[in-house]
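Residue-level listing of the chains:
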Amino acid sequence: MLKISSFTVDGVAKGLVTDNPHPRFSFYLDSDWAETKLRMAALTFEDGYQLDLPDETGAVYQGPALKPFTRYKAVLAVEDNHGEKATSTLEFETGRLDVPWVGKFITDGEYTFTEKKISPKPMVFKKEFSLKKPVQSVKIMATAFGIYELDLNGEKVGNRFFAPGFTSYEHQLMYQVYDVTKSAQNDNEIIVHVAGGWAVGSYVFSRVNRVSADKQSLLLEIRIVYEDGQIEVIGSDESFLVSTDSPYSMVDIYDGEDFDASKDIAAISFHKASLASNRYSPTILADYGAPVIDHETLEPISKNVLSDGTIVYDFGQNFAGVIEAHILAAKKGEKICFRHAEVLCADGSLNVKLLRSARAGADYICKDGEQVYVPRMSYMGFRYVGVKGIDEKNIVLKARVRYSDIPLTGGFECSDPRINRLQQNILWSSKSNFVDIPTDCPQRDERMGWTGDIALFARTACWNFDMGVFLRKWLKDLRSEQLPTGGIPNTIPVQGYGFPVTMPKMAIDFWGDASVLVPFALYDHYADRSILETSYASMRKYVLAEKFWANLLSFGKRRYIWHTPALFHFGDWVSPDEPKMSGWQKRSIYTGTCSISNMSDHLSKAAEILGKKEDVRYFQNLRDKTNDAYRTTFFDGDMKMKKSPFQTAYVLPLKFKMLSAEDTQKAVQNLAELVEKNNYCIGTGFPGTPYILFALADNGRPDVAYKMLLNDKSPSWLFEVKMGGTTIWERFDAVKEDGNGNMGEDDGTGGMISFNHYASGAVGDFLYSRVLGIVSYKPGFKEFAFCPIFGEGIDSAKGHTLTPYGVIRASWEKKDGGIAYAVDVPVSTVCHLNICGKQIDLPSGHHEGTIEG
């Protein structure tokens, strides 16, 4: 039987409201038949428009112009090569499209916010409205400069948090649409809490504020469609009431929130709102991101009462989220303080030093009786919670994991339980840092959209999660904030941060590479050509900026060596074999030059895909000249480094295929010797860590790669697991071999230690593509190989990942001197099995067997 297992519009299966005039429809199939291929797929709309879909990756709507505020139904009909047929129906709605807002941005005209390094007082807006007759629908559209929480008749509307979302507010601002038809009454009261958030509140570790607006403002419309067809629109204006005497007395991204449950909204003194005079007039678009919602609920595995009365709860897992406090008995006015931390001090108290300036807490003032408190306007990164102000018998504490709505689509397991824990750590650090944007860490005064982290991790993220909607949103901001010179800011959105301050227009290797690597990760995994079309100009501009800075004041081959001062780069960031930040940065001459080669290679491939022949030749030539310059400048005839050798300098040219076949063999031998001398420990920073196992295993040294992967000495991936880590650490040396912490106080970083940082979890790409052995040959895994690279210490592996054509499942096990394998090949795809020298082309369906080793 043929079945349509997924049918989406712009990556969303249900509930999409869009301002995209040309949404993209895609699907995938499952079939009980072997060797099944799609023969025909067509979409039919209610107005008769028909859209043919050439394959499962979909097609873009090109029919009659979509109308605003309209629900559309599309019926998908497919037929396979066996004559089997299936249908599926999808509905979506359009938002405003280009319809002007009736509402105006409003604020509290009586409130002036001039303080530095803190967030503004939260505002609370109120509006009452009535339904005059039977209604067909009632919808609320809202956005803000700041973050807002919307209540209707005393209940939270929707399940998302931190609306309208974090975007480049100068360029684009999202709005949300809430269907409240079922919860609206004859007489209604809307309450909207608006805090500073990223736009107005304190942000980045320097705690700058008022970056996008001087104070919060709200834009809202209530759109009522009556059964008789009449439409009434109530827009935000001076008739709305506002106050800063909110139950939320403090809300801050880093510090948390303070909430007074004893304060009755009805008793607050309100006054009329004022029209806001905002600094920016961004394009306002229907929400196109992955909303932040609550996912798992965790319960503590232990608790301990300290001598000062603090109850310390251990949730057994480091994560990003909030507490869920069930207060069994309390009196009005009693105050309970919650504080959060990733790790404990030796005396069992919370280690808050690593949070730097972030308070990471919540103060809750009780009302009478039993009550439940869940913070709504902030989040923390933590494993441990300290609670003061209540007897332990009067509280039951749980926690909610809060991150963007990114469905889990992959999984990996093997015979070594330590590697399985590593995989879980990768997943948990991903969840903790995919909070509306890809952040670096969820706990301290940072939580910024560092480009270097996601540049290197995007491929691993796509193995594990559906990243399409999430990363496309972020790339829209990246393109908006790209500098005129082509450089990419190191954090997207920038939102008050700039590095290097003295050269803000400069390109930065590997961090700026996100402009190329992230689109390619999406294209390779999801086969959406449009992501390259949309990003190509930005990608090209960045690579030319790299070339410019390398060429500056240089001659001959030096024109292809990126030699600008190390101060303006990150280099081999947090490499554990180098004790000082300045030492990491000095390696930028190597990392930067390799970046030019890799980015040029990617650009030539993108140009070929898009039919830009002149660019293909240009960037291939740039790559080749850079490769030659790197080889002759830094290495002798035996591929020995002319200066002090380090792992990353070998890893990058090996992974990026910058060397001849002869030099490759020499280089991998030299790298293997370095690794062996280092007791198979990691000696790479951000640029080299994702690639070191590939550099070894793909060039004839899987023995060394597996010894490094399975090593549990410090620094290594499995040392983190051995020490009880439940997420990926920012630095391999965050804890020393003797168990003592590395506070980072003497290396120039000012105490930069996070235990929840996904970047080095990019090793997950190796787990899927080499240990398990799933390798994409064509975008979207239209053709893929099942070709594990075996190594001593792992006797079996299994895993799966969702592709545009369906789920690939694969497994292998060393058994009786051979390899037992199984693989599920999705409809319309081909698998090239290559195990122990045996090569078989497998059509769609389930396949299993045993191959003699």
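Residues numbered from 1 in each chain as written. Predicted model: local features only at pLDDT ≥ 70, side-chain atom pairs only at ≥ 80, totals over all residues. Heavy atoms only, no water.

**Q** Looking at this model, I keep getting lost on the packing of aromatic side chains. Mind explaining?
**A** Aromatic rings in a pair are described by how distant their centres are and how their planes are angled relative to each other. A complete count under the given rule lists 56 aromatic pairs for this structure. Ring geometry for Phe162 against Trp198: centres 6.2 Å apart, planes inclined by 85°, an arrangement best described as edge-to-face. Here Phe162, found in the loop between strand S13 (155-156) and strand S14 (172-179), pairs with Trp198, found in helix H1 (residues 197-200); they are 36 residues apart in sequence, far enough to count as distant. For the pair Phe162 and Trp198, a shared accessibility class is recorded, and that class is buried. (Phe/Tyr/Trp six-rings, centres within 6.5 Å; stacked < 30°, edge-to-face > 60°. Helix = DSSP H or I, 4+ residues; strand = E, 2+ residues; numbered from the N terminus. Buried < 20%, exposed > 50% of the residue type's maximum accessible area, 1.4 Å probe, protein only.)

**Q** How do you make sense of the sheet that holds strand S41 (residues 838-842) when you look at a structure like this?
**A** The strands that make up a sheet are held in pairs by hydrogen bonds between backbone atoms, and each pair lies either parallel or antiparallel. Across the sheet, four strands lie side by side as S35-S36-S40-S41; this open sheet has mixed pairing. Of all strands in the sheet, those with a lone pairing partner are strand S35 (774-776) and S41, marking the two edges. Each strand of the sheet is rotated relative to its neighbour by a mean of 20°, with strand direction disregarded. The sheet contacts of helix H15 (residues 764-772) involve S35 and strand S36 (783-786), and relative to S35 the element is tilted by about 105°. (Pairing = 2+ DSSP bridges. Axes fitted to C-alpha atoms, helices over the stretch in contact; angles between N-to-C directions. Contact = heavy atoms within 4.5 Å.)

**Q** Looking at this structure, how should I read the packing of helix H5 (residues 514-526) against helix H6 (residues 529-551)?
**A** Describing two packed helices takes the angle between their axes plus the distance from one axis to the other. It is at 9 Å that the axes of H5 and H6 come closest, and there the two elements cross at 160°. The angle between the axes of H5 and H6 places the two elements in the roughly antiparallel class. Between H5 and H6 the crossing geometry is left-handed. Here H5 contributes Ser515, Val516, Pro519, Phe520, Leu522 and Tyr523 to the contact with H6, which in turn contributes Arg529, Ile531, Leu532, Ser535, Ser538, Met539, Tyr542 and Val543. Split by residue class, the contact of H5 with H6 holds 10 nonpolar, three polar and one charged. (Parallel < 35°, antiparallel > 145°, perpendicular 65-115°, else oblique. Left-handed = near helix turned anticlockwise from the far one by under 90°. Nonpolar A, V, L, I, M, F, W, Y, C, P; charged D, E, K, R; others polar.)

**Q** What is the right way to look at a nonpolar patch on the surface in this model?
**A** A surface patch of nonpolar side chains, amounting to about 230 Å² of accessible area, comprises Val102, Ile231 and Val233. Relative to the helices and strands, Ile231 resides in strand S17 (residues 231-235). The exposure class of Ile231 is partly exposed, given its relative accessible area of 44%. (Patch = residues over 30% accessible without salt bridge, like charges linked within 9 Å, V, L, I, M, F, W, Y side chains within 5 Å. Areas by Shrake-Rupley, 256 points an atom, 1.4 Å probe, with all protein chains shown as cover. Salt bridge = Lys/Arg side-chain N within 4 Å of Asp/Glu carboxyl O.)

**Q** Would you take a moment to explain the nonpolar core for this structure?
**A** Note on soluble globular proteins: their nonpolar side chains tend to be buried together. In this structure, Phe338, Val387, Leu397, Met467 and Leu709 are the most contacted members of the largest nonpolar core, which totals 237 residues. Not counting chain neighbours up to four residues away, the residues in contact with Leu709 comprise Ile419, Leu693, Trp717, Leu718, Val763, Phe766, Leu767, Val771 and Ile794. Within the second largest apolar cluster, 27 residues are counted, among which are Leu66, Tyr72, Val78 and Val827. (Core = buried A, V, L, I, M, F, W, Y, C linked by side-chain atoms within 4.5 Å.)

**Q** I would appreciate a short explanation of the side chain of Ser432 in the present structure.
**A** In this structure, Ser432 sits in helix H2 (residues 417-433). Classification of Ser432 by relative accessible area gives buried; the value is 1%. Leave out the neighbours within four places in its chain, and Ser432 touches Asn318, Phe319, Ala320, Thr439, Pro442 and Asn756.

**Q** Help me understand H15, please; the structure alone is not making it clear to me.
**A** With nine of nine residues buried, H15 lies mostly within the body of the structure. Listing the buried residues of H15 in full gives Gly764, Asp765, Phe766, Leu767, Tyr768, Ser769, Arg770, Val771 and Leu772. Two residues or fewer after H15 comes Gly773, characterised by a positive phi angle close to 100°.

**Q** Where do I start with the sheet that holds strand S15 (residues 187-195) in this structure?
**A** On the basis of which strands lie adjacent, the open sheet formed by six strands has the order S13-S12-S15-S10-S18-S21 and antiparallel pairing. The open sheet has two edge strands with one neighbour each: S13 and strand S21 (271-272). Pairing between strand S18 (residues 241-243) and S21: two bridges, direction antiparallel. The partner of Leu241 across the bridge, within S21, is Lys272.

Honestly, it's all geometry; don't read function into it.
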